[in-house]
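# Structural description and commentary
If you want the building blocks of each chain, they are given just below.
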Amino acid sequence: MPSLPQIEAFKDDLVAIRRDIHAHPEIGFEEVRTSGIVAEKLASWGIEVHRNIGKTGVVGILTGSGGPGRRIGLRADMDALPMEETTNLPFRSKNPGRFHGCGHDGHTTMLLGAARYLAENRDFTGTAVFVFQPAEEGLGGARAMLADKLFERFPCDEIYGLHNAPNLEPGQISVFPGPAMAGADFFDIKVTGKGSHGAMPHQGRDPVVAAITLAGALQTIVSRNADPREAAVVSITQIHAGSAYNVIPEEAVLAGTIRTFSPETAELARQRMREIAAGIGQTFGVQIEVDIRGIFDVLVNHGPQAEAAACVAAEIVGAQNVLTEPKPVMGSEDFADMLRAVPGAYCWVGHAGNVPVHNPAFILDDGILPVGASLLARLVETRLAA
Ligand code: NI
């Protein structure tokens, strides 16, 4: 795949960094080893390093040879997922129950590659701000960095991020203006009944039947309540209850996620979830508590920055490989929070392999590393051209 020759020249170093991080995955806010590698590499290239921004986050600051000027932020996420890896890669996860199943090991490495290239050249006027964010996978790493005054301490005029995309062809880059990724809530629902012998249900209040009925009824929020022209998802992703064949438990719990693109649809889904739960609770004589928490904002790319990113992408992969037609997805991304504070854009970079992210057999194609690094590096050089 095409990329900057100078970055291509140290591709082996990038692959080594990526495989090392991959073998030692850390989940959100536990990225101690990973952020240590990031800080050490940045410092070794003469980049000013600030640590512990948003707990385990790292920020690197590099001013170009033209002196201070505008400031361009580049952001990568560093966290792994709490899941087992099932690949047989020689550098597979050494940490049980931890896996870079979303390729953030690659994102971290690409941003390191861009930082190294920019430090070696410094061919720009202004400042590059390298933002290595913890805890993207639903734990609020972006918000933690913002709460630590990320943009007050390290102001950015624009900010860019990227994600690997096994669903795109290798060498394709997608970036478009406007809403690109859904907003997300996570919810927990606790159904409390009255336990009894499995053979004597009439002596209890069965929370299992109530929970199953509730899980089914919640599916009507999207199919019957939401405006069919508005995108919405309600997924129950966890259901837990019971411990024995002959015991009706006291409690059942459900959990899951709501995805929407508009505040109105999000509020409708939350309200209907509470109403349906209350109704099912009354129907079955059980108590149902609903806890819904906003986790991700809708990710909205800013027009001029999306266009700038598409131009830089065309330079690297060719205009025919840059996809600018808006194709929003229901997945979510907490870079959205940063884009609410600073104008910018989020790109998807295609790579070989067709196992989706978050699958235990997901494999990030190392060929993507110089491409992503080149995209990020050229964004700084282009936006901060003297
Ligand atoms: Ni991800």
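Residues numbered from 1 in each chain as written. Predicted model: local features only at pLDDT ≥ 70, side-chain atom pairs only at ≥ 80, totals over all residues. Heavy atoms only, no water.

## As for the overall build of the chain
Heads up, the rule is: We count a stretch as a helix when DSSP gives it H or I for four or more residues in a row; a strand needs E for two or more, and each element gets its number in order from the N terminus. We compute the radius of gyration from the C-alpha atoms alone; for a globule the expected value is 2.2 Å times N to the 0.38, where N is the number of residues. Using a 1.4 Å probe on the protein chains alone, a residue whose accessible area is under 20% of its type maximum counts as buried, one over 50% counts as exposed, and one in between counts as partly exposed. It only takes one pair of heavy atoms within 4.5 Å for two residues to be counted as in contact. The Shrake-Rupley method, run with a 1.4 Å probe, gives the accessible areas here. Residue values count only the displayed protein chains as cover. The convention is simple: Lys and Arg are positive, Asp and Glu are negative, and His and the chain ends are not counted. A charged residue contributes its charge at one atom only: NZ of Lys, CZ of Arg, CG of Asp or CD of Glu.
Scanning the chain from terminus to terminus reveals twelve helices and 16 strands. In terms of C-alpha radius of gyration, the chain reaches 23 Å, essentially the compact-globule figure of 21 Å for 386 residues. Taking all 386 residues of the chain together, 53% fall into the buried category. Contacts in the chain between residues at least 24 apart in sequence constitute 81% of all its contacts with a sequence separation of at least 6. With the model as given, the accessible surface of the chain reaches about 15900 Å², and the carbon-plus-sulfur share is 52%. A gap of 2 Å separates the mean positions of the 32 positive and 45 negative side-chain charges of the chain.

## Some details on the coordination of the nickel ion
Let me state the cut-off plainly: Coordinating N, O and S atoms are those within 2.8 Å of the metal (3.2 Å for Na, K and Ca), and as water is not part of the atoms, a site may appear to have fewer donors than expected.
Cys102 (SG), His104 (NE2) and His163 (NE2) make up the full set of protein donors to the nickel ion, lying at 2.1 to 2.2 Å. Read N to C, the donor residues that coordinate the nickel ion are spaced as C-x1-H-x58-H. A residue is classified by how much of its surface remains accessible, and His104, at 0% relative accessible area, is buried.

## So, the pairing of strand S16 (residues 344–350)
Rules: Here, a strand pair is defined by DSSP locating no fewer than two bridges between the strands.
By the criterion of burial, S16 is predominantly enclosed, with seven of the seven residues buried. Burial along S16 is two-sided: the residues Gly344, Tyr346, Trp348 and Gly350 and Ala345, Cys347 and Val349 are all buried. Bridge count for strand S5 (residues 158–165) against S16 is seven bridges, and the pairing is parallel. By the bridge assignment, Ala165 is partnered in S16 with Gly350. With two bridges joining them, strand S6 (residues 173–174) and S16 adopt antiparallel strand pairing. In the sheet register, Ser174 faces S16, and the bridge partner there is Trp348.

## With respect to the sheet that holds strand S13 (residues 287–296)
Sheet strands line up and pair through hydrogen bonds in the backbone, either parallel or antiparallel. Short version of the rule: All axes are obtained by fitting lines to C-alpha atoms, using only the stretch in contact for helices, and the reported angles, taken between N-to-C directions, cover 0 to 180 degrees.
Taken in spatial order, the four strands of this open sheet run S10-S12-S8-S13, and their pairing is antiparallel. In the strand order of this sheet, the two ends are held by strand S10 (232–241) and S13, each with one partner. Here the average twist between neighbouring strands, direction ignored, is 15°. In this sheet, strand S12 (residues 251–260) lies alongside S10 in antiparallel orientation, the contact comprising nine bridges. Residue pairing across strands places Ala241 opposite Ala252, the latter belonging to S12. Sheet strands touched by helix H9 (residues 263–284): strand S8 (183–192), S10, S12 and S13. Its angle to S13, the strand with the most contacts, is close to 165°.

## As for unusual backbone geometry
For Lys149, which is not a glycine, the phi torsion comes out positive at approximately 65°. Classification of Lys149 as partly exposed rests on a relative accessible area of 46%. If you check the backbone angles, His358 has positive phi at about 75° while not being a glycine. Taking relative accessible area as the criterion, His358 reaches 38% and is therefore assigned partly exposed.

## Side note on the side chain of Ser174
Along the chain, the position of Ser174 falls in strand S6. Excluding anything up to four places from it in sequence, Ser174 contacts Leu168, Leu323, Tyr346, Cys347 and Trp348.

## Some points on the domain arrangement of the chain
Rules: Where a domain begins and ends is set by an automatic assignment or by a domain database. Note: buried area is the sum, over both parts, of the accessible area (probe 1.4 Å) each one loses when the two are combined. By salt bridge we mean one thing: a side-chain nitrogen of Lys or Arg within 4 Å of a carboxyl oxygen of Asp or Glu. Under this definition, polar contacts are N or O atom pairs within 3.5 Å; protein pairs additionally need one hydrogen-donor-capable and one acceptor-capable atom, and for neighbouring residues in sequence, both atoms have to be side-chain atoms. Under the scheme applied here, ten amino acids are nonpolar (Ala, Val, Leu, Ile, Met, Phe, Trp, Tyr, Cys and Pro), four are charged (Asp, Glu, Lys and Arg), and all others, including Gly, are polar.
We note that the domain assignment places domain 1 (5–180 + 299–383) and domain 2 (183–295) within the chain. Each partner contributes to the interface: domain 1 provides nine residues, whereas domain 2 provides eleven residues. Summed over both sides, the interface of domain 1 with domain 2 buries roughly 690 Å², with 63% coming from carbon and sulfur. Joining domain 1 to domain 2, the criterion identifies zero salt bridges. Run the count over domain 1 and domain 2 and you get four residue pairs in polar contact (both at pLDDT 80 or more). Here the side of domain 1 that touches domain 2 is built from residues that sort into five nonpolar, three polar and one charged.

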